[in-house]
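Listed here are the chains, written in short residue letters.
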Amino acid sequence: MTERHTPRIVPLVDLRSASLRPPAEAASASSRIAANGLLSDALGRPLRDLRISVTDRCNFRCNYCMPKEVFDKDYAYLPHADLLSFEEITRVAKTFVAHGVQKIRLTGGEPLLRKNIELLIEQLASLRTVEGRPLDLTLTTNGSLLARKARALKAAGLQRVTVSLDGLDDAVFRSMNDVDFPVADVLAGIEAARDAGLGPIKINMVVKRGTNEHEILPMARRFKGTGMVLRFIEYMDVGATNSWRMNEVLPSAEVVKLIHADLPLVQLEPSNPGETAERWGYADASGNHDKAAGEIGVISSVTQAFCGDCNRARLSTEGKLYLCLFAAQGYDLRSLIRDGASEADLASTIGHIWQGRADRYSELRSEMKPDTGTGLRRVEMSYIGG
Ligand code: SAM
Ligand code: SF4
Ligand code: SF4
């Protein structure tokens, strides 16, 4: 039995019930913060990107995210009444947009498992940025339900999708999702998304050394020239259940080197500030970017900290605001809205919370000894979304 197949039971500390109280000064008339699109945090970072987790459930059990030993039949998912309703999500999202958010990503758990998700998309698609433009509205999915839902999602106003796909080899894929789900069905979902016009499509591949690194080149070849952007994500120490180890991280620099040896690459400029992926384009015979061949991205959350322009906020399934993917606690916005907060109260609270934000976990981690992390407890990725 190889090491990665050895079941490792990890005690799950349930951090979902822990929450931070919104700052008291948010309610005082003298220190109100109105939403004018110009909010910035304690490190000068604006608020541009909101990720909303719409469910903590998933039909996959990727071992780096929801390992079976923990997320088993006895696992206590959130009861429906604890979830933010679509109206509540839209209300909170509207306030974030008034503070400067331009991009909303729906995630989870598996977002397509949330019943009638199209209705939420319709509501979010009607929001306008401070400049009066439609939002960049997208969704990250494991692709399992995409073939069935792509058209309805597009019709509801979704602009594009990111599909997670960790390999093309059926056996590797089935073992990584750990529910024996066939890769062909996800590929059919990607095709359906393309046919429905949900593009440009991004494909996310989490790379685990010793598990799927041999899938890197076949994936690169498969998506080269298709207009889809394949992004390689370093396996991260999110949550407390995936028994993360540094020696299972394949640094992005190695991914680039491996692809470059076969399919030459040139580095491209970042498309916008706060962009998580480093971009590499396929090169033509003279070493210039061949636009028709397209590009790949590498997300080096472990080996290269990128907190400096992190402009992302995360809203958990039950309405807690997290300021960092690695935060241990979130601010309870659901209580605030269920207790009857006005628009001005909500805007002021979010304003104060963001202004006080100094999170930079990845940078702190890279200052620590390898394989240790910062020792802080963290919530699960399936709960606050990726
Ligand atoms: N279920 C959807 C999916 O898989 O696309 C959306 C939620 S999932 C938590 C969002 C993204 O986080 C996915 O692309 C997934 O591969 C990534 N992810 C989850 N756990 C991770 C880890 N430990 N390291 C790196 N990425 C991870
Ligand atoms: Fe589910 Fe996505 Fe996590 Fe995999 S990465 S277990 S598909 S939420
Ligand atoms: Fe942003 Fe936290 Fe990730 Fe740094 S570690 S980039 S602050 S989410």
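The structure displayed is predicted, hence computed values, not measured ones.

Some words on the site of ligand 1
Residues in close proximity to ligand 1 total 20 residues, the closest being Tyr-64, Gly-109, Ser-164, Met-236 and Met-381. Here an oxygen atom of ligand 1 and a backbone polar atom of Thr-141 are 3.2 Å apart. Every element with two or more residues in the shell around ligand 1 is listed here: β4 (136-141), β6 (202-207) and β7 (229-234). Looking at side-chain class alone, the shell around ligand 1 contains 8 nonpolar, 10 polar and 2 charged residues.

Regarding helix α9 (residues 343-355)
The end-to-end C-alpha distance of α9, which contains 13 residues, comes to 18 Å, matching closely the 18 Å that a straight helix rising 1.5 Å per residue would cover. Along its buried surface, α9 packs onto α1 (86-98), β11 (312-315), β12 (320-322), β13 (330-332) and α8 (333-338).

Observations concerning the site of ligand 2
Taken together, the residues surrounding ligand 2 are Cys-58, Phe-60, Cys-62, Tyr-64, Cys-65, Met-66, Gly-109 and Asn-142. In the shell around ligand 2, the residues fall into 6 nonpolar, 2 polar and no charged.

Some remarks on the pairing of strand β10 (residues 295-299)
Extensive coverage of β10 is indicated by the burial of 5 of its 5 residues. Along β10, one buried face is formed by Glu-295, Gly-297 and Ile-299 and the opposite face, lined by Ile-296 and Val-298, is buried too. Of the pairings in the sheet, the one linking β7 to β10 comprises 4 bridges and is parallel in character. Considered in β10, the bridge of Ile-233 is made with Ile-299.

Thoughts on the packing of aromatic side chains
Enumeration over the complete set of coordinates arrives at 5 aromatic pairs. Pairing Phe-60 with Phe-181 gives two aromatic rings, centres 5.1 Å apart and planes at 50°, and the pair type is tilted. Here Phe-60, found in the loop between β2 (49-53) and α1, pairs with Phe-181, found in the loop between α4 (170-177) and α5 (183-196); they are 121 residues apart in sequence, far enough to count as distant. Per residue, the accessibility class of Phe-60 equals that of Phe-181, and both read buried. Put simply, the rings of Phe-60, Phe-173 and Phe-181 touch in pairs and so form one group of aromatic residues. Across from the ring centre of Tyr-235, 4.7 Å away, lies the NZ or CZ of Lys-208, which sits over that ring. Sitting above the plane of the Tyr-282 ring, Lys-224 keeps its charged end 5.3 Å from the centroid.

About the cut-offs
- Residues numbered from 1 in each chain as written.
- Chains lettered and ligands numbered in written order.
- Predicted model: local features only at pLDDT ≥ 70, side-chain atom pairs only at ≥ 80, totals over all residues.
- Heavy atoms only, no water.
- Near = heavy atom within 4 Å.
- Polar contact = N/O pair within 3.5 Å; in protein donor to acceptor, adjacent residues only side chain to side chain.
- Helix = DSSP H or I, 4+ residues; strand = E, 2+ residues; numbered from the N terminus.
- Nonpolar A, V, L, I, M, F, W, Y, C, P; charged D, E, K, R; others polar.
- Expected span 1.5 Å × (residues − 1).
- Contact = heavy atoms within 4.5 Å.
- Buried < 20%, exposed > 50% of the residue type's maximum accessible area, 1.4 Å probe, protein only.
- Pairing = 2+ DSSP bridges.
- Phe/Tyr/Trp six-rings, centres within 6.5 Å; stacked < 30°, edge-to-face > 60°.
- Lys NZ or Arg CZ within 6 Å of the ring centre and 35° of its normal.

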